[in-house]
Amino acid sequence: MTEQNIYSGSCLCGGIRYEIHGEIGEMVQCHCRRCRKANGAAYAVNAPIRKTDFKIVQGEALLKKFQSTETTQRCFCGSCGSPIISIKTETPDFYRLRIGTLDTPLAQKPAMHIFAGSKAEWDEICDSLPQYAERP
């Protein structure tokens, strides 16, 4: 029997709490304009998680959804605004988790920068991770 990873996370106000019973996929730093706007930062750090592994254990009624594009919904706390996950129609079995909402320490590191071609003009990428102008 294999040991299952269990991660927990929450929004800024603590109204939403969630658990992930499974793996967190490859972490990417996304510099696209929509991620910058949704996070109020130079980039968002996202990773895929299986929908079946994700469970809101507190505050499900606080989770609000915004249709940011025809194929993407962004889910956030309706009280404090913390982004939690996004849902993309092209990956129906996965959510994209906003890594900054995790409360459990995470050993893995980001693998790459995506949409670096549209990064904020005031931001400078100072690491040696691969950079892609768009999604590889």
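Residues numbered from 1 in each chain as written. Predicted model: local features only at pLDDT ≥ 70, side-chain atom pairs only at ≥ 80, totals over all residues. Heavy atoms only, no water.

Peer 1: If you had to explain the overall build of the chain to someone new, which residues and values would you point to?
Peer 2: Looking only at helices and strands, the chain has 1 helix and 10 strands in total. Secondary structure of the chain in N-to-C order comes out as β-β-β-α-β-β-β-β-β-β-β. Dimensions along the principal axes, computed over C-alpha positions, put the chain at roughly 40 × 35 × 30 Å. Counting every position in the chain, which comprises 136 residues, the buried fraction comes to 38%. For the chain, restricting intrachain contacts to residue pairs at least 6 apart in sequence, the fraction spanning at least 24 positions comes to 52%. (Helix = DSSP H or I, 4+ residues; strand = E, 2+ residues; numbered from the N terminus. Buried < 20%, exposed > 50% of the residue type's maximum accessible area, 1.4 Å probe, protein only. Contact = heavy atoms within 4.5 Å.)

Peer 1: Kindly report on the pattern of salt bridges, identifying the contributing residues and their values.
Peer 2: In the structure shown here, the tally under the stated rule is 1 salt bridge. Lys88 is paired through a salt bridge with Glu90; the nearest N and O atoms lie 3.7 Å apart. When its relative accessible area of 11% is taken as the criterion, Lys88 is described as buried. (Salt bridge = Lys/Arg side-chain N within 4 Å of Asp/Glu carboxyl O.)

Peer 1: I'd like a description of the environment of Ser82, backed by residues and values.
Peer 2: Within the secondary structure, Ser82 is located in the loop between β7 (72–77) and β8 (83–88). Classification of Ser82 as buried rests on a relative accessible area of 11%. Taking the C-alpha atoms as reference, Ser82 lies 8.4 Å from Cys13; in sequence the two are 69 residues apart. If we ignore the near neighbours within four places in the chain, the residues touching Ser82 are Cys11, Leu12, Cys75, Phe76 and Cys77.

Peer 1: Which residues make up the sheet that holds strand β5 (residues 54–58), and what values go with them?
Peer 2: Spatial strand order, β1-β2-β5: 3 strands in an open sheet with antiparallel pairing. Where the open sheet ends on each side, the last strands, each with one partner, are β1 (6–10) and β5. If you compare each strand with its neighbour and ignore which way they point, the axes differ by 25° on average. Pairing of strand β2 (residues 17–21) with β5, which is carried by 4 bridges, proceeds in the antiparallel orientation. Within β5, the position partnered with Glu19 by the bridge is Lys55. (Pairing = 2+ DSSP bridges. Axes fitted to C-alpha atoms, helices over the stretch in contact; angles between N-to-C directions.)

Peer 1: Explain the pairing of strand β4 (residues 44–50) to me, and be specific about the residues and the numbers.
Peer 2: Two faces, one strand: in a regular strand the side chains alternate between the faces of the sheet. Where strand β3 (residues 28–30) lies against β4, 3 bridges are found, and the strand directions are antiparallel. Among the inter-strand pairings, Val28 is bridged to a residue of β4, identified as Asn46. Inspection of the sheet shows β4 paired to strand β9 (residues 94–98) by 5 bridges, in the antiparallel sense. Pairing of Ile49 across the sheet is with Tyr95, part of β9.

Peer 1: Please provide a residue-by-residue account of unusual backbone geometry, values included.
Peer 2: You will see that Phe115, though not glycine, has its phi angle at about 55°, which is positive. Counting through the fold element by element, Phe115 comes out in the segment after β10 (112–114).

Peer 1: Please give an account of the sheet that holds β9 that cites residues and values.
Peer 2: Strand pairing in a sheet takes place through backbone hydrogen bonds and is either antiparallel or parallel in direction. Pairing in this open sheet of 7 strands is mixed, and the strands run β6-β7-β8-β9-β4-β3-β10 from one edge to the other. The outermost strands of the open sheet, each flanked by one partner alone, are β6 (63–69) and β10. Sheet twist, expressed as the average angle between the axes of neighbouring strands with direction ignored, equals 30°. Relative to β10, β3 runs parallel, the two sharing 3 bridges.

Peer 1: How would you summarise the side chain of Lys88 if you had to cite specific residues and measurements?
Peer 2: In this structure, Lys88 sits in strand β8. With residues near it in sequence (within four places) discarded, Lys88 still touches Thr71, Thr72, Arg96 and Arg135.

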